[in-house]
Structure formats: structure tokens, C-alpha cells
Number of protein chains: 2
Amino acid sequence: MPGSTGAKPITAAVVVIGNEVLSGRTQDANVHYLGRRLAERGVRLREVRIVTDDEDAIAAAVNELRARHDHVFTTGGIGPTHDDITARSVAKAFGAGFGRNAEAEAILRRHYKPEDLTEARLKMADMPDPPGGVTLLENPVSRAPGFRIGNVYVLPGVPKIMQAMFDQLAATLAGGPPVESVTVTAALPEGTMAAPLADVQARHPGVEIGSYPFFRMGRIGSALVARSADAAGLEAAAADIRAMVRDLGGEILDD
Amino acid sequence: MPGSTGAKPITAAVVVIGNEVLSGRTQDANVHYLGRRLAERGVRLREVRIVTDDEDAIAAAVNELRARHDHVFTTGGIGPTHDDITARSVAKAFGAGFGRNAEAEAILRRHYKPEDLTEARLKMADMPDPPGGVTLLENPVSRAPGFRIGNVYVLPGVPKIMQAMFDQLAATLAGGPPVESVTVTAALPEGTMAAPLADVQARHPGVEIGSYPFFRMGRIGSALVARSADAAGLEAAAADIRAMVRDLGGEILDD
């Protein structure tokens, strides 16, 4: 597969728990953030599933994905309301018990005044209880922690909080050399370049080359994106792409 | 499951073919559009998978999803370049042959000047060839058609073209009464409302009620979203939600 450079790449998947995304009410922003940030850490995001707020759907997605990726992230469904069922669903996926986590409860008790610590809020400390326990993930914004169980990181859906929590855990993730990309924007339609571009791809098997057409201010063009964790290979492929565009008489709009 | 009102709801799934979405380079916009437009037609979007440009990954996602949903939409990967492998992957999913579609080729020949109709562009007429054929989906923007095979609709990834093609086929989709939603935006944190909101949900099993916290201009609040295809049931649930917010002394920010 293009993009691999010898060693098996570190891969990740995301499960978005998201009735509100599926209904078209909310535009998900977390996949975009995670894809970009994981690439910086040399982790390739390979699969995303957006599922309904349904225990079996969440558990099935988590189990399929954790078996074939190094890291799995879930976003959403860990608040205090009736539709927040992610922690329970992840416990089910692992066949683990589920109950009040003492460390998480202590964090909530430090944060909330006693009269504000409703039973609903305490529910945010209910987590899977596997042998050896879970690892809490610090929430610098609103305090209620996420958790890691095995290779699954359970994060909230509110983008600002999710991002803050991911940024804290990012340094602990097993990764690799950063996956870098170069985009050559050509004022040429895809159909004109397809054959020579396939040749460039064939000459650079360790670089993943994608072509994305656009229509911008009345102009037809193509964004040619090369991606790789091998910096030298990436530059060589990008140079070949630029030479190809020039050979075809095309203008490079930006680079 | 909340949201069903007797008759089995019509459901849909989307497969986004999308290295560029997974890498964090591009923010997907198609899921948001499809979720909203499908709901208007009484179709519930239940699952989304974002997969890499990989034949087996695409075929596996299509096969799992077409078996359990009424409609499946794929977006992306149907252009002329080497990374456009969706049509071939869908043929594989159906165990169908794959080759030049005469009707699609005729459309391309009408659109392009002979000297512009490269072999790469002709490849856009290569489609699955099941017994009985595929149904072409008209592309009013850039002409290269999509296709329907069984309950799977193969659409492009460029949002403007995808949207134009979906709008043309929408009227042909089996659907139901539109799924409507009412959002009550309350200046109350989720933890305060969780217990009474769960009661409202229990009283309205035919309405799906979600709670989404937000932090806006220094204020903490919750968007309480009720969704149903049963208009009267929806209004009753929304009235109960508003009464609940007032009983808790909360302000309704907008409605």
C-alpha cells in the first residue's frame, strides 16, 4: 500500500458517538482535528465510524476497530444526561464491569460545590472496571475526566474540551516519524494529468499521492497531495509532480 | 429505541472514500448535507464510515452497510485519476463484472471535445456490470454520471457536485414523513437537568431527545434537541422540555 515505508505504520481509528452529527444538526469537527494531530505524531488515521447513541452499535464499532488499530479514540457521550452511554458501552465492549471510579469521583468532588454535585454529575465518574483498572485522562477545561482502557481513549464530544484532552495525552501515544504532506495546486483538470500522475505514483511507492479536483472562481484545477513519513522520498515525489505539471503546460497556482 | 414510531423507520448509511478526510487535510461536508437532506425525506442516517482509498476497505464497508440499511451512499473516488477506485470496489462488493458502460460513455462523448476525451476521462464510464445493469445518476454540473447498483448510490466527493446529484435523485428515494426537530437552548448546565430530562424522555418514547452542552461567550448552556417524524408527539415533548427548563428556573436562550 502506498504510504508505508518498510516498518508497519502505526494506525488509529475514531468512533464518533453522534446522533447529532448523523441528523445533520451538527458538523463534526473532531475527526478533522484528530486526523491532523495524529499525522503530526506519525500515526495514520485509517477508519472513522459515526454511530448512533446505541450501546450495541458503539460496542461493536469499538471492538472491531480496537482489534485492528494501534489506537482507538471515541468522541462524545460522556456527559451526565440520559443519552450519555459511551462509558457503559465501552465496558460492554471489553466485557468489563462498570461502576463508580473512586479517583474520578474525587476529581468531581474537588471541582463541584457539594450542593452542585448532583447524582447525574456523579454518573460522569461511572467507568469500566477491568482488572488493573482504567487510566484517567485529564480534562483541563471542565474537569470531568475521560479514560483509557486498553488501546481505547474515551474523550468528550465538545471540540474545545476534546482538543485540550487530546493535546495532554498526545505525548504519551506510540507514534512514528511525522507524516508530512506537500500540496501542488495545478490549474489543470484531472483528466489531463491522470496518466502521467499514475506514472509518478508508480515511481514513488512509499509516497501516497492523491488528486482532488476543485472549481474555484470559475477555474478548474486539481490539488495534488503527496504524503509520506519519509521526508526525502516526499520531496522527490513533489519535485516529480511539479515537473509533470510544467511538462503539461500547466500553471502551478500555489505550492 | 427512541425515535421509532411504530412502522420500521427507513434508514441509510454513508461511506466516505476519503484519504484526504482521514489525513485531516479536508473537512468533510457531505455527511452533514446528506444527514440533513435525508431527514427531510423521512430517512434516518444511522451510520457513517470513512475509509481509505483501498478496494477491500471500500467493498467491506459497502457490503456490511447495504445488508442492514435501506439506502447506502458512497461519496468520493469516481474521477479519472489513479486513486479513483470506488466504482471498481463497489463492483467487487457486489461480485459483479466491471467494464465500460455504453450509456455513460455516450454522455462523456457528448460533453467532451474528441481531443479532450482522454483514456483517463473515459475511465469515468467504467462501472459495475451486474445482470440488469446499473442506473445512471445524472450529474448536472460536470456531466460524468454516478450510478445506482441495488440500494447503493455512488456519488462524487466534490460537495457542489454531490449535492446537485443528490438533489436530483432525492425525489426517487423511498422515505417517510420528514424527521423534524425542535431545539430548546437552555442557560442551564447539563448536570442540573439530567434527571428531569430523563423523565421527559421516558414520557415520550417516540421522540429522540439529545442534550448537547456548549460554552458560548462565557456562558454554560445546553441545547436540548427533540427529533421525531411524529409532529404532534414532537410538539408535546418540546412543550415538556420548555416547562422543565422553566421549573428549574432556567432561561430559554432561543427556541
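So, a few notes on the structure that sits alongside this text.

Analysis parameters
- Residues numbered from 1 in each chain as written.
- Chains lettered and ligands numbered in written order.
- Predicted model: local features only at pLDDT ≥ 70, side-chain atom pairs only at ≥ 80, totals over all residues.
- Heavy atoms only, no water.
- Core = buried A, V, L, I, M, F, W, Y, C linked by side-chain atoms within 4.5 Å.
- Buried < 20%, exposed > 50% of the residue type's maximum accessible area, 1.4 Å probe, protein only.
- Contact = heavy atoms within 4.5 Å.
- Helix = DSSP H or I, 4+ residues; strand = E, 2+ residues; numbered from the N terminus.
- Buried area = accessible area lost by both parts, 1.4 Å probe.
- Salt bridge = Lys/Arg side-chain N within 4 Å of Asp/Glu carboxyl O.
- Polar contact = N/O pair within 3.5 Å; in protein donor to acceptor, adjacent residues only side chain to side chain.
- Nonpolar A, V, L, I, M, F, W, Y, C, P; charged D, E, K, R; others polar.
- Least-squares fit on C-alpha atoms with pLDDT ≥ 70 in both.

**Some words on the nonpolar core**
Within the largest apolar cluster, 50 residues are counted, with the highest numbers of intra-cluster contacts made by Phe73 and Phe166 of chain A together with Phe73 and Phe166 of chain B. If we skip the residues at most four places from it in the chain, Phe73 of chain B touches Ala12, Ala13, Val14, Val15, Leu34, Leu38, Tyr153, Leu155, Phe166, Leu169 and Leu173 of chain B.

**Concerning the environment of Glu115 of chain A**
Residues and elements named next belong to chain A. With respect to the helices and strands, the residue Glu115 is situated in the loop between α5 (102-111) and α6 (119-122). Of the residues examined, Glu115 reaches a relative accessible area of 60% and is grouped as exposed. Glu115 sits 28 residues away from Ala87 along the chain, and the two C-alpha atoms are 25 Å apart.

**Overview of the interface of chain A and chain B**
On the chain B side, the residues contacting the 57 residues of chain A number 57 residues. With both sides pooled, the region where chain A packs onto chain B buries about 4,500 Å², and carbon together with sulfur makes up 57% of that total. Seen at the junction of chain A and chain B, the total is zero salt bridges. Counting across the interface, chain A meets chain B through 18 residue pairs in polar contact (both at pLDDT 80 or more). Every element with two or more residues in the side of chain A that touches chain B is listed here: α1 (19-22), α2 (30-40), β2 (43-51), α6, α8 (190-203), β10 (208-216) and β11 (219-228) of chain A. Split into classes, the residues belonging to the side of chain A that touches chain B amount to 23 nonpolar, 18 polar and 16 charged.

**Topic: the relation of the copies chain A and chain B**
Overlaying chain A with chain B gives an RMSD of 0.0 Å, the required rotation being 180° about an axis along which the chain moves by 0.0 Å. Expressed as a symmetry operation, the mapping of one chain copy onto the other fits a two-fold axis. Among all residues of chain A, the one whose C-alpha sits closest to the rotation axis is Arg49 of chain A, at a distance of 2.3 Å. A share of 100% of interface residues in chain A that are also interface residues in chain B marks the association as one of identical surfaces.

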